[in-house]
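# A closer look at the structure
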Number of protein chains: 2
Amino acid sequence: MRVDGRPGQVTGSDDTSDEAWEIPLVALAVDLAVLTVRDGALQVMLVERGIEPYRGMLALPGGFLADTTEDVDRAAARELAEETGLDAAGLHLEQLRTYGEPGRDPRGRVVTVCYVAFVPGLAAPTAGGDARAAAWTPVDAVLRPRAELAFDHKRILADAVERARSKLEYTTLAATFCAPEFTVTELRQVYETVWGQELDARNFHRKVTGVADFLVPTGTRTSGQGGRPAALYRRGPAHLLHPAMLRPPGPKPPAASRTS
Amino acid sequence: MRVDGRPGQVTGSDDTSDEAWEIPLVALAVDLAVLTVRDGALQVMLVERGIEPYRGMLALPGGFLADTTEDVDRAAARELAEETGLDAAGLHLEQLRTYGEPGRDPRGRVVTVCYVAFVPGLAAPTAGGDARAAAWTPVDAVLRPRAELAFDHKRILADAVERARSKLEYTTLAATFCAPEFTVTELRQVYETVWGQELDARNFHRKVTGVADFLVPTGTRTSGQGGRPAALYRRGPAHLLHPAMLRPPGPKPPAASRTS
DNA sequence: TCAAAAGTGTTTAACATACACCCATGA
DNA sequence: TCATGGGTGTATGTTAAACACTTTTGA
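Because the structure is a prediction, the values reported are computed rather than measured.

Rules used throughout
Residues numbered from 1 in each chain as written. Chains lettered and ligands numbered in written order. Predicted model: local features only at pLDDT ≥ 70, side-chain atom pairs only at ≥ 80, totals over all residues. Heavy atoms only, no water. Helix = DSSP H or I, 4+ residues; strand = E, 2+ residues; numbered from the N terminus. Expected span 1.5 Å × (residues − 1). Buried < 20%, exposed > 50% of the residue type's maximum accessible area, 1.4 Å probe, protein only. Contact = heavy atoms within 4.5 Å. Axes fitted to C-alpha atoms, helices over the stretch in contact; angles between N-to-C directions. Parallel < 35°, antiparallel > 145°, perpendicular 65-115°, else oblique. Left-handed = near helix turned anticlockwise from the far one by under 90°. Nonpolar A, V, L, I, M, F, W, Y, C, P; charged D, E, K, R; others polar. Polar contact = N/O pair within 3.5 Å; in protein donor to acceptor, adjacent residues only side chain to side chain. Near = heavy atom within 4 Å. Salt bridge = Lys/Arg side-chain N within 4 Å of Asp/Glu carboxyl O.

## A look at helix 4 (residues 184-195) of chain B
Residue and element names in this part refer to chain B. The end-to-end C-alpha distance of helix 4, which contains 12 residues, comes to 17 Å, matching closely the 16 Å that a straight helix rising 1.5 Å per residue would cover. Of all 12 residues in helix 4, nine are buried, a share of seventy percent or more. Residues Val 184, Leu 187, Arg 188, Val 190, Tyr 191, Glu 192, Thr 193, Val 194 and Trp 195 constitute the buried set of helix 4. Among the structural elements, strand 4 (25-38), strand 5 (41-48), helix 3 (153-170), helix 5 (201-210), strand 11 (215-221) and strand 12 (231-235) are those in contact with the buried residues of helix 4. Count one or two residues on from helix 4 and you reach Gly 196, which has phi positive near 70°.

## Considering the packing of helix 3 of chain B against helix 4 of chain B
All names here are of chain B. Across the interface, helix 3 lies against helix 4 with an axial gap of 9 Å and an inter-helix angle of 140°. Classified by the angle their axes make, helix 3 and helix 4 are oblique. The chirality of how helix 3 crosses helix 4 is left-handed. Each of Ala 164, Arg 165, Leu 168 and Glu 169 in helix 3 lies in contact with helix 4, whose residues at this interface are Val 190, Tyr 191, Val 194 and Trp 195. The residue inventory of the contact of helix 3 with helix 4, partitioned by class, reads six nonpolar, no polar and two charged.

## Some thoughts on helix 1 (residues 72-84) of chain B
Residues and elements named next belong to chain B. With 13 residues, helix 1 extends 18 Å from end C-alpha to end C-alpha; this agrees with the ideal 18 Å at 1.5 Å per step. Among the residues of helix 1, Val 72, Ala 75, Ala 76, Arg 78, Glu 79, Leu 80, Glu 83 and Thr 84 are the ones counted as buried. Between the side-chain oxygen of the N-cap and the backbone nitrogen of Asp 73 there are 3.4 Å, and the N-cap of helix 1 in question is Asp 71. Immediately downstream of helix 1, the backbone of Gly 85 shows phi near 75°, a positive value.

## Digging into the protein's contact with DNA strand C
In the region of DNA strand C, 21 residues are neighbours, and Thr 185 and Arg 202 of chain A together with Arg 202, Asn 203 and Lys 207 of chain B sit closest. The sugar-phosphate backbone supplies 54% of the atoms of DNA strand C found within 4 Å of the protein. Measuring from a phosphate oxygen of DNA strand C, one finds a backbone N or O atom of Ala 231 of chain A at 2.9 Å. For DNA strand C, a base oxygen lies 3.3 Å from a polar atom in the side chain of Arg 228 of chain B.

## Re unusual backbone geometry
Residue and element names in this part refer to chain A. Between Glu 52 and the following residue, Pro 53, the backbone shows a cis peptide bond with an omega angle of -5°. Relative to the assigned elements, Pro 53 resides in the loop between strand 5 (41-48) and strand 6 (58-59). Positive phi is not limited to glycine here, since Asp 39 has a value of about 50°. Looking at where Asp 39 falls in the secondary structure, it is placed in the loop between strand 4 (25-38) and strand 5. On the basis of relative accessible area, Asp 39 is assigned to the exposed category, the value being 72%.

## Quick look at the protein's contact with DNA strand D
Around DNA strand D, a shell composed of 22 residues is seen, among which Arg 202, Asn 203 and Lys 207 of chain A together with Gly 227 and Arg 228 of chain B lie nearest. Counting only atoms of DNA strand D within 4 Å of the protein, the fraction found in sugar and phosphate groups is 53%. Within the side chain of His 205 of chain B, an N or O atom sits 3.4 Å from a phosphate oxygen of DNA strand D. Of all the secondary-structure elements, those providing two or more residues to the surface near DNA strand D are helix 5 (201-210) of chain A together with helix 5 of chain B. Top element by residues in the surface near DNA strand D is helix 5 of chain A. It accounts for four residues. When grouped by side-chain class, the residues that make up the surface near DNA strand D number six nonpolar, seven polar and nine charged.

## Thoughts on the packing of helix 4 (residues 184-195) of chain A against helix 5 of chain A
Residue and element names in this part refer to chain A. Look at helix 4 against helix 5: their axes get within 10 Å of each other, and the N-to-C directions meet at 105°. Between helix 4 and helix 5, the crossing angle belongs to the class labelled roughly perpendicular. Contact residues: helix 4 offers Val 184, Leu 187, Arg 188 and Tyr 191, while helix 5 offers Ala 201, Phe 204, His 205, Val 208 and Thr 209. Classifying every residue of the contact of helix 4 with helix 5 gives six nonpolar, two polar and one charged.

## Digging into the pattern of salt bridges
For the coordinates displayed, the defined rule picks out 28 salt bridges over all chains. Across the pair Asp 73 of chain A and Arg 97 of chain B runs a salt bridge whose closest N-O atoms are separated by 3.8 Å. Taken together, the positions of Asp 73 of chain A in helix 1 (residues 72-84) and Arg 97 of chain B in strand 8 (residues 92-99) put the pair across two chains. Judged by its relative accessible area of 36%, Asp 73 of chain A is partly exposed.

Given below as structure tokens:
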């Protein structure tokens, strides 16, 4: 086995034979499901495709590695910045899954490493940067039976939404959907929106303020929208939620797919 | 943008310019963390590398895609069969994560899609098939500070073990470590081994037999090893465990890494 | 003084933990 | 009849769910 002069090119022999053969190469892409909560709905950042295939259709932002030496996680952060104008530093970006079915891209073999990002509702309402047209879209509209996205992005989005729903249960990530300072009610609305069910405001308040290091009081209060002013909080250092916040059983939220 | 005659080869232009450029290609590998519980220890299937780099070192079984049209999940199942002699049908095989750091393989750019498999302790004690030497090894020994595996496989294994530990909490996957028919005590030993802590046998029994569709009684009982015979069960149709089986707090199990 | 939103207290049920105790087998 | 492991019962604490009630603002 040897390395070519060209970076990233590998040829070699199998583990069990010395017969040299060309190691198959594939095009590697990253795609991003950037989620937020806006206007009482869970929304996803979509771009309109400017080129074939699927020209004119909506798709998740993403793209190929810049070159054969680019780190995959860095490529995700770069595409996020380029296509949506958001800075990956400071927001939550985690790997979701890799989708590698042979037929998923009509151009040839493209394997995509997908990521989920959670961003505050205020963030860059629409992108600057390279993208043709980047816009927030309610996920409910996109996951509807007859709605379609480019490639297998609808399925990816469904997986991302399910990931978000379950992460709210046992982590403090709900707060990453909020502005730097937020009220308990705003945090509760994130849960209600993502899960698609109402929660008891009183029990929620007690529970969430009882978890150590989840919420840090700022000492200030809201004012001016009728009703008693609410205390403002900042995100605390905790990442895991203990005890966990379980989704109430009952009527399921609209659409989603099952992941293993 | 166009497709070459060669399968899997893609060239094209960026979304925002019509300047054609060569899409960078990478070698795509799959690696498997095949876990089992044997002799009171969580064990992982390792192979000895027969070729450079890392010749002679232990590594996770895995390899490159067979060709540019092979499905990634299928490649994982194929490598499992080839290198360990296990049949992917019927056992649990799920994607773990994709590792794509540029420097992770000295031969050049290799991105690996990793999987975790849970297999019963009885399964194929050592591999037939292609592998030079496939053997079960206790994960504790491998994750010890000074122990090393080829490539970044130690880190991958640590992630896989943490995945296994947390999956036992809220799914019925512990039963996939057991033979087709098993006792409640055998199931409990799986939990104790993977988590590295003892559980109260009596409470465990009540809890696990109380979860709907987790265990299906066969009507038969064990006999012959002193003490009251235990009832035998088969895996039921349930996949999620409700209520969840939470890891008791306290002394942490040896080694592991944190995943987001 | 009333509506609206924030926040507390109280009750009840579900579930976890600890452990006493009984059951069924082999030696 | 004793040792061994399987399995049930019961007391006690913790957390969740439901909801009555108090607090603090704007109109």
